Amino acid sequence: MSHDLENGASSAPAAEDDGDWPADPNFSDPFDIGNTKNASHVLLKRWRQAALVLNASRRFRYTLDLRKEEEQEKRRRMIRAHAQVIRAALLFKLAGQRAIVLGTTVAPPSPNGDYGIGLEQLASMNRDHNLSALQQYGGVSGLSNMLKTDPETGIYGHEDELLKRRNTFGSNTYPVKKGRTFLMFLWEAWQDLTLIILIIAAVASLALGIKTKGLEEGWYDGGSITFAVLLVIFVTAISDYRQSLQFQNLNAEKRYIQLEVIRGGRRDKVSIYDIVVGDVVPLKIGDQVPADGILMNGHSLAIDESSMTGESKIVHKDHKAPFLMSGCKVADGAGTMLVTGVGINTEWGLLMASISEDNGEETPLQVRLNGVATFIGTVGLSVALLVLVVLLSRFFTGTSRNADGSVQFVRGTTSIGKTVDGVIRIITTAVTIVVVAVPEGLPLAVTLTLAFSMKKMMADKALVRRLSACETMGSATTICSDKTGTLTLNQMTVVEAYVGPKKIDPPEDGSQLRATVSSLLDEGIVQNTAGSVFLSKDGELEISGSPTEKAILQWGVKLGMKFDVVKSESIVLHVSPFNSTKKRGGVALRGRTESKVHIHWKGAAEIILSSCSQYIDVNGSLQSMDKDKDFFKDAIDDMASRSLRCVAIAYRTCETDEVPTDVEQLAQWTLPDDDLMLLAIVGIKDPCRPGVKDAVRLCTHAGVKVRMVTGDNIQTAKAIALECGILSPDADTNEPYVIEGKKFRELSDKEREQVVQKISVMGRSSPTDKLLLVQTLRKLGEVVAVTGDGTNDAPALHEADIGLSMGIQGTEVAKESSDIIILDDNFASVVKVVRWGRSVYANIQKFIQFQLTVNVAALVINVVAAVSAGDVPLTTVQLLWVNLIMDTLGALALATEPPTDHLMDRTPVGRREPLVTNIMWRNLIVQAVYQIAVLLVLNFCGISILNLENDDRAHAYMVKNTVIFNAFVFCQVFNEFNARKPEEINVFTGVTKNHLFVGIVGATCVLQIIIINFLGKFTSTVRLNFQLWVVCVVIGIISWPLAVVGKFIPVPKTPLAKVFIRPYQRCIAARNARHSD
């Protein structure tokens, strides 16, 4: 017996999911799109054309609007081109002016309130990148004075000052297009072709009824259909509107960016919307430029301006090209900017205000469900057509009879009004069958469950940026996880330190070091960092920077380092910023009193050590490295084996004449990194996150392999992997199970494919190695999730099936390339995303099982009754009510089931595993056969079974049909419980926790009682006595024990979907051929 559906039918590995599906070389299923993440527009157009759709505006609401996408791209290009034309014209004009007169003049700044320059002049300078204007205003320092900004400490940041700056220069916001109103959703729900036909039929029926029976009695038939249709429209619109509000809230979360600013000499984290003109903003690799501004100072600052110019060219910024554009990303280096333009006064603001936020993006499951809906809809249309033909032919041949036994149509006798009324009734019945048969709500159920899941996932610390990722995560077969901050706490502290061969114990005891050594160490720590030490508002010492930087700065402070004093004693000449490829960073500086230049390096211990030829001991003596190199290597390995991150600090001297004097040459200067003198090696402890071991075990149990990919030393990686449970204590830790990135990179493509499945830990990996690992795994059919936080991780995050960026340590570039942001940087949250992904798939399957049961039962009952008796037991209004229970309320009840632990008891769902599994077919057939059998028996023998022979014939007929309708509804109500747990015997587990489910089932029962007892005129029903109510409920409740018995019926392993695939392929191929013609 397979696992349960929620536990899932056990799936083959991803590489084999195509199984032995019948191959048809002439057939390409337009609904089979394995991954919509980077799907081409051609593929997306194909499935839209192939889908059978009754209400396009509703069906395609949450899919990508291809036409709008093209229009927005045109608008983006137009705004970019417009800005470039203005700049080009200005440069041309300036070049001409320079040819005539040396230098150009710019209108002097006009004061604006308390500030020495106005908004228009700032906007003009930013827009035109006008360097002459900047020089005319006195450069960065002159502009800072005009804006009342201190270049070192920034603005004060008091509320009054911020308000004044916003009033003068604008706020850093742009108008966001409002979401659609409820009336627009009403209008969309109204667009359904079948509902329009029903309304027309209802109006005609209303007019005829009033004409023949008078106003008091004649409006019931037409009025009841109109009311039922309006109810469907309103309920649909309310459900859709609530979904749209959830998406609007999520969009607001996606736009929320926090960044550092310098205010009052302190580094404060503020929202991007709180930035004002005059703010001083430090920029580092991976940041988004939050507003237009001028570069104040920077080192190797490179900006990716593709979001604004459309060209993927990295632009280097310096004093000759100091203009920074809002919305661009920092590709390399670091710097500080002065904000000169915000919000709508920037090109980015104009661009964002002109394009609407769009949720358009289909998911693979949504596309597949459109295929299912098309298949069911085609069958439903055929059945409806058959019913229409049969009923019309029986009506006009005089074999259709009324409830009292009289013939409905006699040629030459029946009036035109009655004939038209009879025909309208037949048409409305056939159209209603289409409404029930074509599951318009099926693809939207994915959106509903995703919207519900996304809201709940926010509470589980995961922000979904791309809908399809939430669903794809359910199929993930491997997770390539970072170590730092994801598997560990990212709370780093220096716990071991070596100066020369001497171990400093405790590591913060500065008294063991000579003044010369302390001085060099302090200089290397203070100047070679992107972090900072400052006093907080409370007067406490505060440290900013990355966790590693903070740990080393904290250690320096404990040794007695005075950050501001050391910073003021030397001048920084050039910086080589740290990045994850080089794994080290350097700085060249000259003391204010010395002529010699010091070059300090800091980075991965073994990399720095390999560049050292000497070391300085605790006494300040210079020693040769030759005899002690092995000692240092052993010390590094020992610390790494105890899961410590090892960082080395070294320096060298350089003669002044070796340093370029020209500014441009200095910017291009490569810092010497050979012949270094080792100052210290520190071991930094970053404890494992509590709960990570359990999370990794849960993933392994669920068939998801966790791989650690880290830039750290291979020994550190191995130690942490053992601590986290990625490697078991008895696991093989040789290659290729534990491998260095460099070695993996050097393998041939074929060799990589052979070893990649075995890899559990990759140490000393670069972002390129991570990308290679992802590409190789995906080539072998794995569904890969990748975590990343750095700018260089962006390619791997983009390439992976699911990119997971970190909310705390992640850069804006990484977040933008990812599909899901893990808000607390915790691996346990990644595992929760897997559960939610599987929950989405399981919930959709529950809803499909429930809906197909209703479809099959309603269709068969009406067809058999129409063909044999010439009338249908379920009327238009009754079928519309059943459709409402099934489509909207059923989706709400089943699509919002919270995930259970059982979801992690199965292997991942294969991408091409059939949506309707054999377990579902079994459950569906058992229930549908039971409902059809009982209700058809009631239809043909109901009068005698229910002891109604002595009643008036018309009344007995109405009672029988009311019992059929009532029993049918209760069958669906009780079957809704069965759908919750398609394979478990106990279908009530956790039912009380799902308040929405209980509420919907309860509301359905109450409404059904009201319909039968008080709305008989509308629904063509009569009141039932207590005994008949018991009969109806018993018929419904039998579905529970029946479901239990059904679950003991074994199912074949071969998917039943294979039986239907041939005719379905032919049908789709024929539709495609028609469209291509």
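Looking at an unreviewed UniProt entry, one finds the chain named Calcium-transporting ATPase, with Sesamum alatum as its source organism. Among the UniProt annotations of the chain, the heading Subcellular location (unreviewed entry) holds the following wording: "Membrane".

**Some words on the overall build of the chain**
A tally of helices and strands in the chain yields 39 helices and 26 strands. Expressed as a percentage of the 1077 residues in the chain, the buried residues total 57%. Nonlocal contacts in the chain, meaning residues at least 24 apart in sequence, comprise 74% of its contacts between residues at least 6 apart. Of the roughly 44,900 Å² of accessible surface on the chain, 57% is carried by carbon and sulfur atoms.

**Describing the sheet that holds strand β23 (residues 761-763)**
Strand pairing in a sheet is mediated by backbone hydrogen bonds. Such pairs are either parallel or antiparallel. Here 8 strands make up an open sheet; going across it, the order is β8-β26-β25-β24-β9-β21-β23-β22 and the pairing mixed. Two strands lie at the open edges of the sheet, namely β8 (462-464) and β22 (738-740), each paired on one side alone. Direction aside, neighbouring strands of the sheet carry axes that sit 20° apart on average. Pairing of strand β24 (residues 784-788) with strand β25 (residues 802-806), which is carried by 4 bridges, proceeds in the parallel orientation. The residue of β25 that forms the bridge with V786 is G803. Contacting β21 (705-709), β22 and β23, helix α25 (residues 714-724) runs over the sheet at an angle of about 150° to β23.

**Regarding the UniProt feature "transmembrane region" (unreviewed entry) in the chain**
As recorded in UniProt, the feature "transmembrane region" (unreviewed entry) lies at residues 193-210, 222-241, 372-396, 426-452, 928-948, 996-1016 and 1028-1049. Note that residues 372-396 is 100% helix and 0% strand, and that its end C-alpha atoms are spaced 36 Å apart. The annotated region residues 1028-1049 carries 82% helix and 0% strand content, and the separation between its end C-alpha atoms amounts to 32 Å.

**Focus: a nonpolar patch on the surface**
A cluster of nonpolar residues, W187, W190, I196, I200, L230, F234 and I238, forms a patch on the protein surface that exposes about 670 Å² of accessible area. Contributing elements (two or more residues each) for the nonpolar patch: α8 (182-190), α9 (193-213) and α11 (220-255). Per-element tally for the nonpolar patch: the top contributor is α11, with 3 residues. Here I200 shows up in helix α9.

**Some thoughts on the side chain of N975**
By secondary structure assignment, the location of N975 is in helix α34 (residues 953-980). Accessibility expressed as a relative area gives 2% for N975, which makes it buried. With sequence-adjacent residues up to four places away left out, N975 is seen in contact with F850, T853, Q927, Q931 and S1039.

**Quick word on the confidence of the model for the chain**
When pLDDT drops low, the exact placement of atoms in the prediction is not to be read closely. Per-residue pLDDT for the chain averages 82, and the proportion of residues at 70 or more is 85%. Throughout residues 1-27 the model reports pLDDT below 50, and contacts reaching past four residues in sequence, or to other chains, amount to 73 contacts. Taken as a whole, residues 97-105 scores under 50 in pLDDT and shows 6 contacts with residues more than four places along the chain or in a different chain.

**Quick look at unusual backbone geometry**
Note the cis peptide between D505 and P506, where omega equals -5°. Tracing the backbone through its elements, the reader meets P506 in the loop between β11 (502-504) and α18 (515-527). A positive phi angle is found at K148, which is not glycine, with a value near 55°. One can find K148 in the loop between α6 (139-146) and α7 (159-169). Although it is not a glycine, S300 adopts a positive phi angle of roughly 50°. In this fold, S300 is placed in strand β4 (residues 292-304).

**Brief notes about the pattern of salt bridges**
As enumerated under the stated definition, the model contains 34 salt bridges in all. Put simply, K503 and E496 hold a salt bridge, and the shortest N to O gap is 3.9 Å. For K503, a relative accessible area of 39% corresponds to the partly exposed category. Here D901 makes a salt bridge to R835, at a shortest N to O gap of 3.2 Å. You can see D901 sitting in the loop between α32 (876-895) and α33 (918-945) and its partner R835 sitting in helix α31 (residues 827-869), a full 66 residues away along the chain. When its relative accessible area of 58% is taken as the criterion, D901 is described as exposed. Here the salt bridges do not stand alone but share partners, grouping E496, K503, D638 and R642 into one network.

**Quick word on α7**
Structural remark: α-helix, 3.6 residues per turn; residues separated by three or four positions point the same way. Among the residues making up α7, those that are buried are E161, L162, R165, T168 and F169. For α7, the buried positions fall inside an angular range of 130° around the axis, keeping them on one side. Facing away from the buried side of α7 by more than 90 degrees, the exposed set consists of E159, D160 and N167. In this fold, the buried residues of α7 make contact with α4 (119-128) and β1 (258-263). Positive backbone phi, approximately 95°, marks G170, located one or two places after α7.

**Some points on the packing of helix α22 (residues 629-641) against α25**
The relative placement of two packed helices comes down to the angle between their axes together with the axis-to-axis distance. One can describe the packing of α22 onto α25 by two numbers: an axis separation of 7 Å at closest approach and a directional angle of 20°. By the angle class used here, α22 and α25 are roughly parallel. Between α22 and α25 the crossing geometry is right-handed. Residue-level contacts link D637, A640 and S641 of α22 to Q715, T716 and A719 of α25. A class-by-class count of the residues in the contact of α22 with α25 yields 2 nonpolar, 3 polar and 1 charged.

**Regarding the side chain of T548**
One can find T548 in helix α19 (residues 547-559). Residue T548 is classed as buried on the basis of its relative accessible area of 17%.

**As for the pairing of strand β19 (residues 644-654)**
The buried count for β19 comes to 10 of 11 residues, which makes it a mostly enclosed element. Of the pairings in the sheet, the one linking strand β16 (residues 597-604) to β19 comprises 8 bridges and is antiparallel in character. The residue bridging K602 from the neighbouring strand is I649, located in β19. Relative to strand β20 (residues 676-685), β19 runs antiparallel, the two being bridged by 8 bridges. Note on β20: the bridge partner recorded for A648 is I681.

**Remarks on the environment of K633**
Here K633 lies in helix α22. It is 8.9 Å that separates the C-alpha atoms of K633 and A605, two residues lying 28 residues apart in sequence.

**So, the pairing of strand β15 (residues 584-591)**
Counted residue by residue, β15 has 7 buried out of 8 residues, so it is predominantly covered. Pairing geometry for strand β14 (residues 570-579) and β15, over 7 bridges, is antiparallel. Residue pairing in the sheet places V575 in a bridge with V587 of β15. Between β14 and β15, which pair antiparallel and follow one another directly, the connecting turn spans 4 residues, one of which, K583, has a positive phi of 60°. In the sheet, β15 pairs with β16 via 7 bridges, with the strands oriented antiparallel. Its bridge partner lying in β16, R590 is registered against V597. Hairpin connection from β15 to β16: 5 residues lie between these consecutive antiparallel strands.

Criteria and cut-off values
- Residues numbered from 1 in each chain as written.
- Predicted model: local features only at pLDDT ≥ 70, side-chain atom pairs only at ≥ 80, totals over all residues.
- Heavy atoms only, no water.
- UniProt positions renumbered as here; feature names shortened; annotations may be inferred.
- Helix = DSSP H or I, 4+ residues; strand = E, 2+ residues; numbered from the N terminus.
- Buried < 20%, exposed > 50% of the residue type's maximum accessible area, 1.4 Å probe, protein only.
- Contact = heavy atoms within 4.5 Å.
- Areas by Shrake-Rupley, 256 points an atom, 1.4 Å probe, with all protein chains shown as cover.
- Pairing = 2+ DSSP bridges.
- Axes fitted to C-alpha atoms, helices over the stretch in contact; angles between N-to-C directions.
- Patch = residues over 30% accessible without salt bridge, like charges linked within 9 Å, V, L, I, M, F, W, Y side chains within 5 Å.
- Salt bridge = Lys/Arg side-chain N within 4 Å of Asp/Glu carboxyl O.
- pLDDT = per-residue confidence, 0-100.
- Arc of directions from axis to C-beta.
- Parallel < 35°, antiparallel > 145°, perpendicular 65-115°, else oblique.
- Left-handed = near helix turned anticlockwise from the far one by under 90°.
- Nonpolar A, V, L, I, M, F, W, Y, C, P; charged D, E, K, R; others polar.

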